[in-house]
Amino acid sequence: MDICVVSFSTVIDDVRIAKEIKELQKSGFRVGGIGIGQVAPIKNDFQLTGVDLFLNDTTLNANSPQTTWSRLRKNLVRIEHCFFVIKTLIRLKPKVVHVCNLELLIAVFVPCRALKVKIVYDSFEIWADMGRVLFDNRILNAVVHTISKKLLMFIEALLVRRVDGFICVSNAMAEYFVRLYHVPAPTVVTNCPYFFAKTETKRNGSFEVLYHGNYGPGRGVEELIKSAKYLSGGATIVLRLSYISDEHRLTDLIAKCGVRDRVSVREPCRMSEVVRKASRSDVGAVFTLPTNTNHLHTVSNKIFDYINAGLPVIMSNVKEHVYLNNKHKFGIVIDDLDPEHIATAIMELRNNRILYDRLASNAVKASRELNWEVESRKLVELYSKLIEPSGLPA
């Protein structure tokens with residue numbers, strides 16, 4: 001085995017990991033994975049073959065009731081999985097371990113060095129700053145978070161200077177790591193979709209603003225719903241939600257705002273259909289709130305979906321949104337996510353055809369660069385410098 005991907009998922013059910021594995025296989029690398037859980041029917045449409053999977057047959061129960069005991073059990077399962085990963089790596093002895101999480105990096109670092117196995121750290125998030133809720137008491141949680149954040153930052157700083165490859169998902173995150181840890185810039189591999197040649201044009205008199213993704217804290221969905229009160233001229237909002245943290249809260253908010261005629265909730269679609277269905281809308285909305293360091297520096301995948309669908313994007317003022325929009329000029333950045341301000345941006349695109357067409361054209365141009373076919377070359381190039389592929393290109 002050339003490359004072994006280790007994760008807290010089932011490996012191939014994670015869209016980004018599945019795409020990475022597929023590209024590495026195409027370049028002749030033999031890829032396997034160590035994950036947790038049971039493989040469900042593939043949800044991400046990537047029919048991978050030739051991947052040796054070693055799964056820890058347990059579950060993290062992400063959707064179980066959130067109590068102190070359930071959170072403690074979840075953390076114990078994560079620790080147990082770290083030991084499972086170590087034991088499996090000792091048996092497999094791959095040439096490179098591709099690590100997708102800081103906890104797993106901490107777990108495998110010493111064993112990999114002892115086995116003379118190279119390490120690539122693929123940081124999807126700023127893990128040290130992820131909120132850690134263990135107790136029902138806010139004060140205790142704040143103390144745990146503060147202590148764990150400082151400890152994890154210290155450990156991460158030591159390890160990222162010693163890995164053989166370092167990847168992250170946004171330019172803002174790369175700058176953060178360079179500034180904080182004084183390391184060479186990580187390789188930025190954004191989680192773009194495959195290139196989509198837009199052929200469908202929606203022109204039926206309506207003006208549809210699309211939000212797709214999860215409904216939960218820090219995503220600006222409620223502000224978007226409230227903005228519908230100020231829309232006119234056939235402007236509507238479509239929510240295509242893959243996960244709803246509180247369905248009653250969502251439906252109650254739509255009813256309370258009196259916008260049932262301007263906000264519709266639709267079923268999620270297959271990953272292979274996301275960009276094509278998005279192309280039927282007129283504008284994409286992505287309102288990540290800078291509630292913590294991670295949200296401030298990472299980037300939502302949906303922004304690349306909208307760009308590849310050829311949509312102008314209305315987005316919140318976080319670092320990577322600003323960076324991408326300054327470079328490609330495909331949308332409007334809103335400093336204040338006040339519902340009236342959101343509605344103003346929507347109506348500006350609705351009423352200013354020249355502005356709309358210019359931003360849509362720029363989105364199409366940006367999609368020729370911000371797609372997985374282009375981004376994945378950086379991943380393959382990094383691995384080609386570390387090891388020689390042992391198989392023939394797929």
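Up top is the structure these notes are about.
Reading the values: the criteria
Residues numbered from 1 in each chain as written. Predicted model: local features only at pLDDT ≥ 70, side-chain atom pairs only at ≥ 80, totals over all residues. Heavy atoms only, no water. Core = buried A, V, L, I, M, F, W, Y, C linked by side-chain atoms within 4.5 Å. Buried < 20%, exposed > 50% of the residue type's maximum accessible area, 1.4 Å probe, protein only. Helix = DSSP H or I, 4+ residues; strand = E, 2+ residues; numbered from the N terminus. Contact = heavy atoms within 4.5 Å. Salt bridge = Lys/Arg side-chain N within 4 Å of Asp/Glu carboxyl O. Axes fitted to C-alpha atoms, helices over the stretch in contact; angles between N-to-C directions. Parallel < 35°, antiparallel > 145°, perpendicular 65-115°, else oblique. Nonpolar A, V, L, I, M, F, W, Y, C, P; charged D, E, K, R; others polar. Pairing = 2+ DSSP bridges. Expected span 1.5 Å × (residues − 1). Polar contact = N/O pair within 3.5 Å; in protein donor to acceptor, adjacent residues only side chain to side chain.

## So, the nonpolar core
The tendency in soluble globular proteins is for nonpolar side chains to be buried as a group. The biggest cluster of nonpolar side chains holds 61 residues, and the ones touching the most others in it are Ile-3, Val-6, Leu-89 and Tyr-383. When residues in this core are grouped by element, the largest group, seven residues, is from helix 3 (residues 102-115). Once residues lying within four places of it in the same chain are set aside, the contact partners of Tyr-383 are Ile-3, Leu-24, Phe-29, Val-96, His-98 and Val-120.

## Remarks on the pattern of salt bridges
A full pass over the atoms with the stated rule returns 15 salt bridges. Notably, a salt bridge pairs Glu-23 with Lys-26, separated by 3.5 Å at the nearest N-O pair. A residue pair is termed a helical-turn pair when its members lie 3 or 4 positions apart in one helix, as Glu-23 and Lys-26 do in helix 1 (residues 15-26) at three residues. In this structure, a network of salt bridges that share partners links the residues Arg-16, Glu-20 and Asp-122.

## Here's the deal with the packing of helix 12 (residues 339-351) against helix 13 (residues 353-367)
Contact pair helix 12 / helix 13: the axes reach a minimum separation of 5 Å and the direction vectors enclose 95°. Taken as axis vectors, helix 12 and helix 13 run roughly perpendicular relative to one another. Between helix 12 and helix 13, the residues in contact are Glu-348, Leu-349 and Asn-351 and Arg-353, Leu-355, Tyr-356 and Leu-359, respectively. Looking at the contact of helix 12 with helix 13 residue by residue, the class counts come to four nonpolar, one polar and two charged.

## Examining the sheet that holds strand 10 (residues 263-266)
Pairing between the strands of a sheet is mediated by backbone hydrogen bonds and can be parallel or antiparallel. The strand order across the open sheet formed by six strands is 10-9-8-11-12-13, and the pairing between neighbours is parallel. A strand with exactly one partner marks an edge of an open sheet, and here the two such strands are strand 10 and strand 13 (331-334). In this sheet, adjacent strand axes meet at a mean angle of 25° when their direction is disregarded. The sheet contact formed by strand 8 (residues 207-215) and strand 11 (residues 283-286) spans two bridges and is parallel. Paired with Val-209 across the two strands is Val-283, which belongs to strand 11. Against the sheet, helix 12 contacts strand 8, strand 9 (235-244), strand 11, strand 12 (313-316) and strand 13, and its axis sits at roughly 165° relative to strand 13.

## Examining helix 1
Between its terminal C-alpha atoms helix 1 stretches 17 Å, which fits the 16 Å expected from 12 residues at 1.5 Å a residue. Of all the 12 residues making up helix 1, 10 are buried; the element is thus mostly covered by neighbouring parts of the structure. Buried residues of helix 1: Val-15, Arg-16, Ile-17, Ala-18, Lys-19, Glu-20, Ile-21, Glu-23, Leu-24 and Gln-25, and no others. In this fold, the buried residues of helix 1 make contact with strand 1 (3-6), strand 2 (31-36), strand 4 (96-99), strand 5 (118-123), strand 6 (165-168) and helix 14 (372-386). One side-chain oxygen at the N-terminal end of helix 1 lies 3.1 Å from the backbone nitrogen of Arg-16; it belongs to Asp-14.

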